[in-house]
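# Overview (structure and organization)
Letter by letter, the chains look like this.
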Amino acid sequence: MNISTFIGCDNTYEESELALFGIPFDGTTSFRPGTRFAMQAIRPDSYGLETYSPYLDRDLEDIAVHDSGDLDLPLGNTEKTMNEILLFTRGLVNDGKKFVMVGGEHLVSYPTIQAAYEKYPDLHVIHIDAHTDLREDYMGEKLSHASVIRRCHEFIGDGRIFQFGIRSGLKEEFEWAKDHTYMERFSIETLPEIVKKLENLPIYITIDLDVLDPGTFPGTGTPEPGGITYKELLAGLKVLDDLNHVVGADVVELSPPYDPTGASTAIACKTIRELLLIVGK
């Protein structure tokens, strides 16, 4: 059958413990839209990869992953879209599945994190990003990709959100973070010590690819100079592999129209492969 799936993710839902799915939504993007097209580019380009990761020494062929496709969403209604994502992800979690979600803009992480939290109330979040995403609202809208982590904090609470690579945000966001989240500015160098503290707790990993320097990763809607290299991100993924209970993860903010070379899409594909192997081990 000619069905488009991510490489190595063609197992049935019933036989898989891990599900991959896409959320083609960029309805609150504050600068350059286009992330809704990410999975349309990622699935075919994933076949430029091997299923084997030499970084983790594991192969997608050795785990059962189901590609559930992309959600069919009511574009234009952000609140209803968030609810549809929550219901879908809650169904996965209630079926005993772990998952990797691909955005879309970063707001789509809000309902997927919420679904994971409902089952794992001691959930901790590792957030790798260029932006704080801690605004109370963006131009009066509480549901925004600029406020996604603030929305998640409302149910997760203090001391359980760990932010890395942050280099952009309002002064108020940085001040607010001092009392409510762990934040490493500009790099991910402290990730190993945090992972050691969290290694046996339920973890959700959210990676906004604009954490990468735009010289490496131009295909995003809010490029922020001064980012990390892809080798640094790969090293960080290797560290995240030390976690023993990753229940869900996501990769967001690839916007293929802004990188016609396909290099940014290739980076997204490789990051997804590594995350699938981390979550599915």
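Everything quoted here is computed from the prediction, not taken from an experiment.

Definitions and cut-offs
Residues numbered from 1 in each chain as written. Predicted model: local features only at pLDDT ≥ 70, side-chain atom pairs only at ≥ 80, totals over all residues. Heavy atoms only, no water. Pairing = 2+ DSSP bridges. Helix = DSSP H or I, 4+ residues; strand = E, 2+ residues; numbered from the N terminus. Axes fitted to C-alpha atoms, helices over the stretch in contact; angles between N-to-C directions. Contact = heavy atoms within 4.5 Å. Buried < 20%, exposed > 50% of the residue type's maximum accessible area, 1.4 Å probe, protein only. Phe/Tyr/Trp six-rings, centres within 6.5 Å; stacked < 30°, edge-to-face > 60°. Parallel < 35°, antiparallel > 145°, perpendicular 65-115°, else oblique. Left-handed = near helix turned anticlockwise from the far one by under 90°. Nonpolar A, V, L, I, M, F, W, Y, C, P; charged D, E, K, R; others polar. Salt bridge = Lys/Arg side-chain N within 4 Å of Asp/Glu carboxyl O. Patch = residues over 30% accessible without salt bridge, like charges linked within 9 Å, V, L, I, M, F, W, Y side chains within 5 Å. Areas by Shrake-Rupley, 256 points an atom, 1.4 Å probe, with all protein chains shown as cover. Lys, Arg positive; Asp, Glu negative; His and termini not counted. Charge placed at Lys NZ, Arg CZ, Asp CG, Glu CD.

Right, let's get into the sheet that holds strand S1 (residues 18-23). Pairing is parallel across the open sheet formed by 8 strands, whose spatial order is S4-S1-S5-S10-S9-S6-S7-S8. Pairing within the sheet leaves two strands with one partner each, and these edge strands are strand S4 (65-70) and strand S8 (182-185). Sheet twist, expressed as the mean angle between neighbouring strand axes with direction ignored, is 15°. Sheet topology places strand S7 (residues 161-166) next to S8; 4 bridges connect them, and they run parallel. The residue bridging Gln163 from the neighbouring strand is Met183, located in S8. Running at roughly 175° to S1, helix H2 (residues 78-94) makes contact with S1, S4 and strand S5 (98-103) of the sheet. On top of the sheet, helix H5 (residues 171-180) reaches S7 and S8; it is set at about 130° to S8, its chief contact.

Turning to the pairing of S1, a few remarks are in order. In terms of burial, S1 is largely enclosed, as 6 of its 6 residues are buried. Of the two faces of S1, the one carrying Leu18, Leu20 and Gly22 and the one carrying Ala19, Phe21 and Ile23 are both buried. Alignment of S1 against S4, held across 4 bridges, turns out to be parallel. Looking across to S4, one finds that Gly22 is bridged to Asp70. As paired elements, S1 and S5 share 6 bridges and run parallel to each other. Considered in S5, the bridge of Gly22 is made with Val102.

Here helix H7 (residues 230-240) has its buried residues at Tyr230, Leu233, Leu234, Gly236, Leu237, Val239 and Leu240. Where H7 is buried, its residues meet strand S6 (124-128), helix H6 (191-198), strand S9 (203-208) and helix H8 (263-279).

Along S9, 6 of the 6 residues are buried, which leaves the element largely enclosed by surrounding structure. One ladder, built from 5 bridges, connects S6 with S9; its direction is parallel. Following the sheet pairing, His127 is matched in S9 by Thr206. Where S9 meets strand S10 (residues 246-252), 6 bridges bridge the pair, whose relative direction is parallel. Bridge pairing in S10 links Ile205 to Ala249.

A separate point is the packing of aromatic side chains. What the rule picks out here adds up to 7 aromatic pairs. Their ring planes at 65° and their centres at 4.9 Å tell us that Phe21 and Phe88 sit as a pair that is edge-to-face. Of the two residues, Phe21 is situated in strand S1 and Phe88 in helix H2; the sequence distance between them amounts to 67 residues. Relative accessible area serves as the criterion here: at 0%, Phe21 is assigned to the buried category. When the ring of Phe162 is compared with that of Tyr182, the centres are 5.9 Å apart and the planes differ by 40°; the resulting orientation is tilted. Here the residue Phe162 occupies a position in strand S7, and Tyr182 occupies one in strand S8, the gap between them amounting to 20 residues.

Time to look at the packing of H6 against H7. With their axes 9 Å apart at the nearest point, H6 and H7 run at an angle of 20° to one another. When the axes of H6 and H7 are compared, the pair comes out roughly parallel. The chirality of how H6 crosses H7 is right-handed. Mapping the contact onto sequence places Leu191, Pro192 and Val195 in H6 and Gly236, Val239 and Leu240 in H7. Class assignment for the residues of the contact of H6 with H7 results in 5 nonpolar, 1 polar and no charged.

Turning our eyes to something else, we now look at the pattern of salt bridges. For the coordinates displayed, the defined rule picks out 12 salt bridges. With its nearest N and O atoms 2.9 Å apart, the salt bridge here joins Asp70 to Arg43. Linking Asp70 in strand S4 with Arg43 in helix H1 (residues 38-45), this pair joins segments that are 27 residues apart in sequence. Looking at Asp70, the relative accessible area reads 34%, which means it is partly exposed. The structure contains a network of salt bridges with shared partners spanning Glu136, Arg150, Arg151 and Glu154.

A cluster of like negative charges, contributed by Asp10, Glu14, Glu15, Glu61 and Asp62, occupies part of the molecular surface. Examined against the element boundaries, Asp62 turns out to sit in the loop between strand S3 (58-59) and S4. Since its relative accessible area comes to 64%, Asp62 is described here as exposed.

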